[in-house]
Every structure is written in structure tokens, then in C-alpha cells.
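Understanding the architecture of this molecule
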Amino acid sequence: MHAAQEHFGDTAVKSYVSFSFAVTDEALLTSDVTFCTPLPDIRPYIPDLEGVTDAAVAKLSAENCSHWS
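First, a word on what this report is: a plain description of the structure on this page. (Residues numbered from 1 in each chain as written. Predicted model: local features only at pLDDT ≥ 70, side-chain atom pairs only at ≥ 80, totals over all residues. Heavy atoms only, no water.)

Our next topic: the pairing of strand 1 (residues 14–21). For a regular strand, side chains alternate in direction, first toward one face of the sheet and then toward the other. In terms of strand pairing, strand 1 meets strand 2 (residues 29–36) through 8 bridges, oriented antiparallel. By the bridge assignment, Val17 is partnered in strand 2 with Val33. As judged from the 6 bridges shared by strand 1 and strand 3 (residues 56–61), these two strands associate in the antiparallel manner. Paired with Tyr16 across the bridge in strand 3 is Lys59. (Pairing = 2+ DSSP bridges. Helix = DSSP H or I, 4+ residues; strand = E, 2+ residues; numbered from the N terminus.)

Here it is, written out as C-alpha cells:
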């Protein structure tokens, strides 16, 4: 996120990190990371983040992360 901020000048980039059980017989834990920039005329990536009940989801921004060099 810091690289996107530095390279593209995008200070609004967000990452969504999710953890859930896969829909398999083993019910393995699966995860996903998605990066996006909120836009005013576009629906949010996860419109009701607090309403998600089938996964654990964290929405992070560059301000939430320490800067690695």
C-alpha cells in the first residue's frame, strides 16, 4: 500500500484481508487479499463490512501499517 501511495500518488488505496472456511469436505481455512481504491460513483468492495458473518475481514489502509524499508 505504501508502494502504491509512493508510485501512483494514491493515498486512498485499501486492502481487504479475509479468512474463511473453504466449501469443501475438509473445510480448510482459506484467505484472500484484495487491493482497491474507493471511487465516489462505484459501490464499495464490501458494502456492509460489519454485516459479514461467514468470514473474518479486515479493511486496512496505509495509515494502519508501519512503513517497511
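Attention now goes to the sheet that holds strand 2. Taken in spatial order, the 3 strands make up an open sheet running 2-1-3, and their pairing is antiparallel. The open sheet is flanked by strand 2 and strand 3, the only strands paired with a single partner. With strand direction ignored, the average angle separating the axes of adjacent strands in the sheet is 15°. (Axes fitted to C-alpha atoms, helices over the stretch in contact; angles between N-to-C directions.)

With that settled, the discussion passes to the packing of aromatic side chains. Per the stated rule, a full pass over the model turns up 1 aromatic pair. Summarising the aromatic geometry, the rings of Tyr16 and Tyr45 are spaced 5.0 Å apart at their centres and angled 50° between planes, so their arrangement reads as tilted. Placement of the pair is Tyr16 in strand 1 and Tyr45 in the loop between strand 2 and strand 3, with a sequence separation of 29 residues. Its relative accessible area of 41% is what places Tyr45 among the partly exposed residues. (Phe/Tyr/Trp six-rings, centres within 6.5 Å; stacked < 30°, edge-to-face > 60°. Buried < 20%, exposed > 50% of the residue type's maximum accessible area, 1.4 Å probe, protein only.)

With that settled, consider the environment of Glu50. Tracing the backbone shows Glu50 in the loop between strand 2 and strand 3. The class of Glu50 is exposed, set by a relative accessible area of 72%. Once the C-alpha coordinates of Glu50 and Ala3 are considered, the two residues, 47 residues apart in sequence, prove to be 28 Å apart.

With that settled, the discussion passes to the side chain of Ser61. In this fold, Ser61 is placed in strand 3. Of note is the side chain of Ser61, whose polar atom sits 2.9 Å from the side chain of Glu63. In this structure, Ser61 is in contact with Met1, Val13 and Lys14, ignoring residues within four places of it in sequence. (Polar contact = N/O pair within 3.5 Å; in protein donor to acceptor, adjacent residues only side chain to side chain. Contact = heavy atoms within 4.5 Å.)

None of the figures reported here should be taken as evidence of function without further support.
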